[in-house]
Amino acid sequence: MALLKSLKARKSDLSKPENQLAFLNNGIFKEGKLPLFKDKIAETGNFPLKPRKLEILQLNLGYMCNQVCSHCHVDAGPDRKEIMSRETMLQCLDVIRHTKAHTLDLTGGAPEMNPNFRWFVEEASKAGIKDFIVRSNLTIILANKKYHDLPEFFKKYNVHVASSLPFYKREKTDKQRGKGVFNKSIKVLQMLNEVGYAQEGSGLKLDLVYNPAGAFLPANQGGLERDFKKALKEDFNIEFNSLFAITNLPISRFLEYLIASENYEDYMYALVDAYNPAAVQNVMCTNTISVSWDGWLYDCDFNQMLELKVNSKVKHISEYNETLLNNRQIRISQHCYGCTAGAGSSCQGTLD
Ligand code: SF4
Ligand code: SF4
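Residues numbered from 1 in each chain as written. Chains lettered and ligands numbered in written order. Predicted model: local features only at pLDDT ≥ 70, side-chain atom pairs only at ≥ 80, totals over all residues. Heavy atoms only, no water.

A. How the structure looks around the overall build of the protein chain. Counting its regular elements, the protein chain contains 16 helices and eight strands. Taken against the 2.2 N^0.38 rule, which gives 20 Å for 352 residues, the C-alpha radius of gyration of the protein chain at 20 Å falls within 12% of a compact globule. Referenced to the eigenvectors of the C-alpha coordinate spread, the extents of the protein chain come out at roughly 55 × 45 × 35 Å. Put simply, the protein chain has 352 residues, and 56% of those count as buried. Of the contacts formed within the protein chain by residues at least 6 apart in sequence, a portion of 73% connects residues at least 24 apart. Only carbon and sulfur atoms are counted for the fraction: they give 49% of the accessible area of the protein chain, which is about 15100 Å². Counting 44 positive and 40 negative side-chain charges, the protein chain places the centres of these two groups 1 Å from one another. (Helix = DSSP H or I, 4+ residues; strand = E, 2+ residues; numbered from the N terminus. Rg over C-alpha atoms; globule rule 2.2 N^0.38 Å. Buried < 20%, exposed > 50% of the residue type's maximum accessible area, 1.4 Å probe, protein only. Contact = heavy atoms within 4.5 Å. Areas by Shrake-Rupley, 256 points an atom, 1.4 Å probe, with all protein chains shown as cover. Lys, Arg positive; Asp, Glu negative; His and termini not counted. Charge placed at Lys NZ, Arg CZ, Asp CG, Glu CD.)

So this is what it looks like as structure tokens:
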């Protein structure tokens, strides 16, 4: 509690990843009130955590974003200057041409704001990756005239669009993502439907990403998907393919929110109580490599935010070696409980 109070008094300290990690390792975990994640997974023989099979290469094209969402684990916003350079993109393309991963997942910030975004999509699509995901916040498409034709661009390269939408009602969405975000998101979903996304026979995939608006775990993914589909169809004639329900991990802006709202301990108890040993074997880091805007390699984008680089001889995209990376030990800490709570959580939704 003393640490909590002192960190609240010096809230800005939590912008440093090492302080977030220290915070997560102290308090209720140091006092032994809750088990460390490594001890918890050791109970079922899952420590050390190792990769299974590389399936997804996730590239973060930069932390710049037109939004400043209250729970953003990337701490993204319009003032962030970190952007993947063309040189790093060329190194990524070299890896994409030789990787065994079948999915390329572009994320940010708003990945579309990277000035080389379109060039990179064109080049990467030539590499013949099976599933090519762009994580779009939707509103970027209306933010500036130069983005208005992105739905057509996505269609041309058969990009699988995964769009964030915290809820199917205006109030909850705007509360988490900013005033006016809901209306803009609806408009862009309609634009995507108009060019063929989520329409039968088009082959163009449009998925929604839901994360809770507060310090609670997501409800059942199937039930949420049914509710979203019904409401969006009835209210706005919008269609989409699947909904991914994602648990908020206690890092970055969401960790600050938990502390400021005095929900941190309750939330960690809830995550540990909901620990699901069956989810451990499928956590995202067992089939994904995450690449930061400056080319460093991480087990997942949460570890990227905590600056926990892969535990391997190769740490940068320029020295990428899939065999060595497949033999690494995954770096874990208490934030990992967010991936194993309930039905489990990953960028592709629940794990069961
Ligand atoms: S749109 Fe996504 S990346 Fe941008 S601030 Fe919101 S959560 Fe973060
Ligand atoms: S936070 Fe990252 S390292 Fe931890 S379990 Fe989740 S995916 Fe794996």
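B. Focus on the sheet that holds strand 6 (residues 243-245). The mixed open sheet is built from eight strands, whose spatial order is 6-5-4-3-2-1-7-8. In this open sheet, the two strands that pair with only one neighbour each are strand 6 and strand 8 (297-298). Summarising the sheet, strand 2 (residues 103-107) and strand 3 (residues 131-136) pair through four bridges and their orientation is parallel. If you follow D105 over to strand 3, its bridge partner there is I133. In the packing of helix 4 (residues 86-98) onto the sheet, the strands contacted are strand 1 (56-60), strand 2 and strand 7 (288-291), and the crossing angle to strand 1 comes to about 170 degrees. (Pairing = 2+ DSSP bridges. Axes fitted to C-alpha atoms, helices over the stretch in contact; angles between N-to-C directions.)

C. Local environment of the nonpolar core. Core analysis: the largest hydrophobic core is formed by 110 residues, its most contacted members being L59, L106, F120, F154, F228 and Y264. A total of six residues in this core trace back to one element, the largest contributor, which is helix 9 (residues 181-194). Membership of the second largest hydrophobic core comes to five residues, among which are I133, A162, F244 and I246. (Core = buried A, V, L, I, M, F, W, Y, C linked by side-chain atoms within 4.5 Å.)

D. The site of ligand 2, seen in detail. Around ligand 2, a shell composed of L249, V283, M284, C285, C300, F302, N303, I330, R331, H335, C336 and C339 is seen. For the shell around ligand 2, a count of residues per class yields nine nonpolar, two polar and one charged. (Near = heavy atom within 4 Å. Nonpolar A, V, L, I, M, F, W, Y, C, P; charged D, E, K, R; others polar.)

E. Up close: helix 5 (residues 117-126). Listed as buried for helix 5 are F117, W119, F120, V121 and A124. On its buried side, helix 5 packs onto strand 1, helix 4, strand 2, strand 3 and helix 7 (150-156). Backbone geometry just downstream of helix 5 places G128 in the positive-phi region, at approximately 75 degrees.

F. Structural view of the pairing of strand 5 (residues 206-210). Burial runs high along strand 5: five of the five residues are buried. The sheet contact formed by strand 4 (residues 160-164) and strand 5 spans four bridges and is parallel. Within the sheet, the bridge partner assigned to V161 lies in strand 5 and is L206. Where strand 5 meets strand 6, three bridges bridge the pair, whose relative direction is parallel. Paired with V209 across the two strands is F244, which belongs to strand 6. Of the crossover connections in this fold, the one passing from strand 5 over helix 10 (residues 221-236) to the parallel strand 6 is right-handed. (Right-handed = clockwise from strand over helix to strand, strands pointing away.)

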